[in-house]
Structure formats: C-alpha cells, structure tokens
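Descriptive structure summary
Residue-level listing of the chains:
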Amino acid sequence: MSTKTDRIQVLLPLPAGGPYDYRSENLSEQLHMGDYVAVPFANRMEHGVVWAVGGVSNLPDAKIKKITEKLDLPPMGEALRHLIVWLADYTLQPVGGILNLALSVSDVFKPAKGKRKAWVFEKPNPEHAPAVLTPAQASAHKAITETLGTFQTFLLDGVTGSGKTEVYFEAVADVLRAGGQALLLLPEIALTQQMTQRFAERFGVPPVLWHSHLTPAQRRENWLAVQRGEARFVIGARSALFLSFQKLGLIIVDEEHDASYKQDDGITYHARDVAVMRAKLESAPCLLVSATPSVETMVNAQRGKYTPLHLPVRYAGARMPHVQLVDLRVLPPPRQQWLSPPLRDAITKNLTNGEQTLLFLNRRGYAPLILCRACGIRVTCKNCSSWMVLHKSDNSLRCHHCGRKELIPKKCTNCGAEDKFAPSGPGVERVAEEVTALWPATRMAILSSDHEKELAENLQKLADHELDIVVGTQLLAKGHHFPNLTLVGVVDGDLGLQGADPRASERTYQLLHQVSGRAGRAELPGEVFIQSHQPEHPVLQALLRGDRDGFLQMEIAQRQAAGLPPFGRLAAIILAASKEEWLYEVCRDFARSAPQIKGVRILGPAPATLSKLRGQYRMRFIVMVPSQMKLQPMLQAWLRHLPKTRALRVQVDIDPQQFN
Ligand code: ADP
Ligand code: ZN
C-alpha cells in the first residue's frame, strides 16, 4: 500500500472504524495534524480530526471526497491524539469509537446562530486564599511542585481529614502560576458541589465542570473553554480525560481506589490508568489520592513506579474515629428491624447531645426482594436474572439492572395465593422507616441515587446541621466533610463480603473505612458501629484495629499467590445473545479455538454473574496471563473465530474490575 501524498486522513468519531481518506486541494489553508474539519460522509456532514497527512485508500481520486472546511479552533494536541490511539490498542476498540469519547458534545462545531454571547471564564487567582501547610503537608507539596513540567506519578496517601485536598490545591496553584491547566477527577458527580465551593473559597472563582449532568449549552461552552485554554481548572468525571487541553500541567485523581473509575459499558477503560497515561503523554505529574489506596497502586508504589507521599495524621489534632463491631448473633435487633440495641442506644445519646448520625446501608429502595409467604418464591425480573427490588416511595418493584418497573403482583404466579407478598431484608427506605418509628421528632433524610433531586439540598442541610440523622448508600461515603457528624452506624457490615469477586474484600474494606471516616472530622471525636454476623472476618478485624497496611499486605500476598492483578493480567470476554441454545453452541466452538499458549489460562465458558440481562443470555470467559505477557494480540487472534453476526454481542473487558 503506497500513501498518496495529496490526501489527508480524517478520523471521524464513529464506532465503526479508523481514519478515512479525503482530498484537501479546495481549501485555502494548509491543514495540520489535529485540525478539526467538516467532511461529507455517507449522505451527511461529519466533523472529525486530521489524523495523518497522506492517504492509504486504493480508490481513485475521483472517488475520494473533498474536505468541506477547516474549523476555526485550535487543533487537538498531540498528547490527546496519542492517548486515543493507545487506548484503542489497549481496549481492542476501533479508534473512531475512542475519538467519540473526546467529541461527544453537540453543537460545538456548528457556527453560532444569531448572537451567541461568549461566556466568560474568569481566571482562578492562586493568591486568593492560600493555605498555611503543616510540615508534613508542605513536604508533600514540595515533592509535587518540583516535578511540574515532567511526568511522574505520586500516591498521596493520607487518612481522611489529613489535608490531602489542601495539598493538591497548592499544587494546582503552582500550575496556575505557571500558566497551565489542571484537571481534578472525582468518582461521583455528587461530590462536585462541595469541591466547587472549596475551590471557589481558595481561588476566588468557581471551577469549570465536566460531567453528564451539564446542559448542552454548558457542555459546549466548557468544552470550547478547555480547548481554547481559558478553562484553567476543570473538575470532571472520567470523560474529562478526553478533553482537548492546551497546556495540561497536572492531573489529580481523587479517591483513586474508587471502582466507579472503571467504565463498565461500551468502551471499558479505567480512568486511573488513562489519567496516568495522559499525564505521561503531556509530560505532567499525575497525583493519585486516597486514604485507602487500591492494591494496584500500592504495589506500584512499593515497586518504586509511583512515588508515595504520606500524610499520617488528621489536621488540627482531630482524632480517628473509634470503631466497634456489634455481633448480631449475640445482640440482634427485634424481629423485622435492623438496628441493634447498642446502636440504638448510641443514636439516642447522640441525638441528646445534639450531634448528627449517619446510618449506612448500600442498598437502594425498601427491600432487596419480596417473597410469597405461601410458597416462598421470589419475584425476579422478566428480562434479567435478578430480583425485583421493592421501592416504597411509589410502591413499585424495580429491576436495578434494566430499569424495569412494575406493580407488586396481587397474585403469586407460582402458587396463586393472593396478597401474600412480603418484603425481605432492608434497604435504606426501610431503615428510614425504623428511624422515624423510634425517634419520631428527629429530622431525617434518605440520601441515595433514587432521591437525586433532593440530594444537593440534603447534603447542604446536613452540612448546616438541619438534619439529625441521614440514611444513605455509598453516595454518602465519599469525600464529604460534615463537622457535626459524630456517629456512623453500618447497618450491614457483611454486605459485599460474600461473592466470588476477587476484589470483594478490598472493596468492602475501602467502603467501610471511608464511611467510618465521615465520623468526627472536626473537634468532636467520632464513633463507628459496624453490625455483622461474622465479626471475626479479616476485613472487619482490620477495620477494628485500624490496621490498613496489614490488611493491604494480606490482600497483596493473596493476589500474588493466585496470579491475579497486578501480578497477572486479566481479561473478560462476555458473549451475549437472545437465543440461549445457540449461544451455548457458539461458546463451545469458541472454547475449542482457544489459544494453546504456555502460561495462558482460560476459564469458562460459564454463565456470567448476571446470566441474563435485558433479555439477553450472557456467558463469560476469563483469560489470565502472567504480567510480563501481552494480552491484546492473543485476544485479537482468538476473537476472529467468533461468528460475525448481529445476533451475538461481544464485550471484551481488559482488566475487569468486577465480574458482572
Ligand atoms: P482530606 O482531603 O485529606 O480528607 P482536607 O483537605 O479536606 O483533608 O482537610 C480536612 C479539614 O482540615 C478541612 O476542613 C481543611 O480545610 C482543614 N485543613 C487541612 N489542612 C489545613 C491547613 N494546612 N490549613 C487550614 N486548614 C486545613
Ligand atoms: Zn431487569
């Protein structure tokens, strides 16, 4: 294949493929790599990026269309273009699909209709309200500052309330002084509000936001502001990693261990790993921040690949909370209730003292399932292999996987009994009901993603001490700072410990540690009660002793022994189809064509954890290789054996974080 020098390759943000050839002789300006252009494609206009000079298509010139126009925007930088190519190779996805992550903004390329007022993005002022750092904070800050302009990955490891945010804000100030841009990733949109406020207090102006809840106009203007270099500090979700920064000087990944950094649908990527790669390509430092670092990051720090920075104590002498385990086998709550006597007493005392309580239960709705009291059958989703969750707020049954919603059936489909369905087990709504019954005068709210509309308002009320008790899911566990919250009750400490997921222990430890960290962050000391049927479990024992490092070492040793990440590489292949028998057949054939390579282990086919989802049956293969071996070429060769038909859905997940 010879390249045609008078042609230009343009990458379009389409999931289907790579760059396409175009001609440019009609344009008055010279095109450069990264320029945004409008081109005819199929029967419509598309916008894309100049990806290479010189075409590769064998089509004659007459068949090659002309670029319509070059858009009046600064080009996409080289680092981002390389990132896109790297991620396409790593995830085995077409490069156009990855470009789509960077260009999923409507209207940015359309010429302004009428008088579109230019939005003003005020410059944050690094001298507005600088913090006076403690010696430990100052030395962490110094280490980061010294690397500005070069690539290095840091692990900023410090207990909750130790001032990690203060430290990275000062590093942001340095970047701003040098005229650069900085990006802060947060794992949850709900966290942006408090962070926005803190940023504004420190730098005098609000940050620029990037997440899925922006209006189309906000998205467009923010995208353009980043692209023009006017947005100097961006707080964003995962997808902010694909913004076209002009001079990105620092990337911060707060709560780096958080599982929501892994995108599980569509293009499956881990935002932490992409952040490190982008920083490398930008020659900028990357800061991974956590009080409970992930096993992967810890191992990288121990190997010297990442530089650890420690903040060992809470700021201003605030103490770590006192943790107690409540053995539910010995001190159970009354029947059909969920708060044990010691936790009840502690709540009553806390209310009397005028302090706030958080009850944590990572389960939305009223009850995780309902069952027929006559025959014992549980109501499952018609589309999925999951139970229907009872929501009392609108008396519905909902599938948390496909979103299906229905009324509680009157008659049992199994035995025909009428009005016999009863809720089983607690969700946040049910615990809230118990709270209201026990302390009728208390000001209480539920915080979960089902109550999103009131979420911001309730978080503010909590901060302003207009609430006494909140019942919340993991939404509440993260990052928030509430000075008067002194008691945390974990309703079900065993939730998350079961299951075959190799990361179950790690994740439960991180979550419970984080929830505990909500207690007693200011002058008042905190108390944590964890209710459990197995208080002897190593995860709970480590929480009791406050032995994070011991727990991590144990996890690391287990992963090493099992050859699991980061000591081995993992990929999951999920095959899904609506015809069950046919899917099994495809799986059998596919298993037969599996690569026979020394060191490569293939598990499966086995039904995926969710063996049916949205009407599709799902089978899973797991591929394990030693860490020095590359997975992608082998997978690519193997995947060619699958039948090419729309009836089969193939999902390849490199570095799967959980086994769905
Ligand atoms: P982390 O991010 O580690 O949880 P924060 O940065 O939120 O900790 O700090 C906890 C609290 O202590 C915050 O209210 C913060 O403003 C305060 N704080 C921490 N370090 C300092 C400092 N050097 N000067 C003033 N306040 C500080
Ligand atoms: Zn469903």
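As shown above, the structure is provided for reference.
Reference entry: report on the structure contained in this document. (Residues numbered from 1 in each chain as written. Chains lettered and ligands numbered in written order. Predicted model: local features only at pLDDT ≥ 70, side-chain atom pairs only at ≥ 80, totals over all residues. Heavy atoms only, no water.)

1. Here's the deal with the nonpolar core
Across soluble globular proteins, you tend to see nonpolar side chains buried next to one another. For clarity, the cut-off: Here, the term nonpolar core denotes a set of buried Ala, Val, Leu, Ile, Met, Phe, Trp, Tyr and Cys residues that are joined through side-chain atoms within 4.5 Å. Burial classes: relative accessible area under 20% of the type maximum marks a residue as buried, over 50% as exposed, and values in between as partly exposed (1.4 Å probe, protein chains only). Secondary structure counts use DSSP, requiring at least four H or I residues in a row for a helix and at least two E residues in a row for a strand, with both numbered from the N terminus. Throughout, a residue-residue contact means that at least one pair of heavy atoms, one from each residue, lies within 4.5 Å.
Counting 88 residues, the largest nonpolar core has M76, W223 and F242 as its most contacted members. Looking at this core element by element, the count peaks at eight residues for helix 4 (residues 164-177). Other than its neighbours up to four places away in sequence, W223 contacts Y36, L73, A102, L103, V105, V108, F109, W210 and L243. Counting residues in each nonpolar core, the second largest holds 31 residues, with A445, L475, V528 and A542 among its members.

2. Considering helix 2 (residues 95-103)
Since the α-helix packs 3.6 residues into each turn, any two residues three or four apart lie on the same face. Among the nine residues of helix 2, seven are classified as buried, and the element is accordingly described as predominantly covered. Of all the positions in helix 2, only V95, G96, G97, I98, L99, A102 and L103 are classed as buried.

3. Describing the sheet that holds strand 14 (residues 356-360)
Counted only if it meets this: Two strands are said to pair when DSSP picks up at least two bridges between them. Throughout, an axis means a line fitted to C-alpha atoms (over the contacting stretch in the case of helices), and angles, computed between N-to-C directions, take values from 0 to 180 degrees.
Judged by pairing direction, the sheet is parallel, and its six strands sit side by side in the order 13-23-22-14-21-20 without closing on themselves. The open sheet is flanked by strand 13 (322-327) and strand 20 (444-447), the only strands paired with a single partner. With strand direction ignored, the average angle separating the axes of adjacent strands in the sheet is 20 degrees. As paired strands, strand 13 and strand 23 (residues 527-532) are joined by six bridges and run parallel to one another. Each bridged residue has a counterpart across the sheet, and for V326 the counterpart in strand 23 is Q531. Its contacts with the sheet put helix 11 (residues 455-463) on strand 14, strand 20, strand 21 (469-472) and strand 22 (485-490), and the angle it makes with strand 20 is roughly 130 degrees. The strands that helix 13 (residues 538-545) touches are strand 13 and strand 23; relative to strand 13, the one it contacts most, it runs at about 145 degrees.

4. Re the coordination of the zinc ion (ligand 2)
Rules: Metal donors were taken as nitrogen, oxygen and sulfur atoms no farther than 2.8 Å from the ion, or 3.2 Å where the ion is Na, K or Ca. Water is excluded, so coordination may look unfinished. In short, tetrahedral needs four donors with all angles between 85 and 135 degrees, square planar needs four and octahedral six donors with opposite donors over 155 degrees apart and all other angles between 65 and 115, and whatever is left is irregular.
Note on the zinc ion (ligand 2): its protein donors are C381 (SG), C384 (SG), C399 (SG) and C402 (SG). The metal-donor distances range over 2.3 to 2.4 Å. Relative to the metal, the four donor atoms surrounding the zinc ion (ligand 2) lie at angles of 106 to 115 degrees, and the coordination shape comes out tetrahedral. One chain supplies every donor for the zinc ion (ligand 2), spaced along it as C-x2-C-x14-C-x2-C.

5. Comments concerning the sheet that holds strand 26 (residues 616-626)
In space, the four strands of this open sheet follow the order 25-26-24-27, with antiparallel pairing throughout. Where the open sheet ends on each side, the last strands, each with one partner, are strand 25 (601-613) and strand 27 (649-654). Adjacent strand axes in the sheet meet at a mean angle of 20 degrees, parallel and antiparallel pairs treated alike. In the sheet, strand 25 pairs with strand 26 via seven bridges, with the strands oriented antiparallel. Bridging from a neighbouring strand, R601 pairs with M624 of strand 26.

6. Structural notes on the site of ligand 1
Heads up, the rule is: It suffices for a single heavy atom of a residue to lie within 4 Å of a molecule or strand for the residue to be listed as near it. Counted as a polar contact is a pair of N or O atoms within 3.5 Å, where, for protein atoms, one must be capable of donating a hydrogen and the other of accepting one, and residues adjacent in sequence contribute only when both atoms are in side chains. Asp, Glu, Lys and Arg are counted as charged, while Ala, Val, Leu, Ile, Met, Phe, Trp, Tyr, Cys and Pro are counted as nonpolar; the rest, among them Gly, fall into the polar class.
Near ligand 1, the surroundings consist of 15 residues, among which V132, G161, T165, E166 and R198 are the closest. A distance of 2.9 Å separates an oxygen atom of ligand 1 from a polar atom in the backbone of G163. R198 places a polar side-chain atom, nitrogen or oxygen, 2.6 Å from an oxygen atom of ligand 1. For the shell around ligand 1, a count of residues per class yields four nonpolar, seven polar and four charged.

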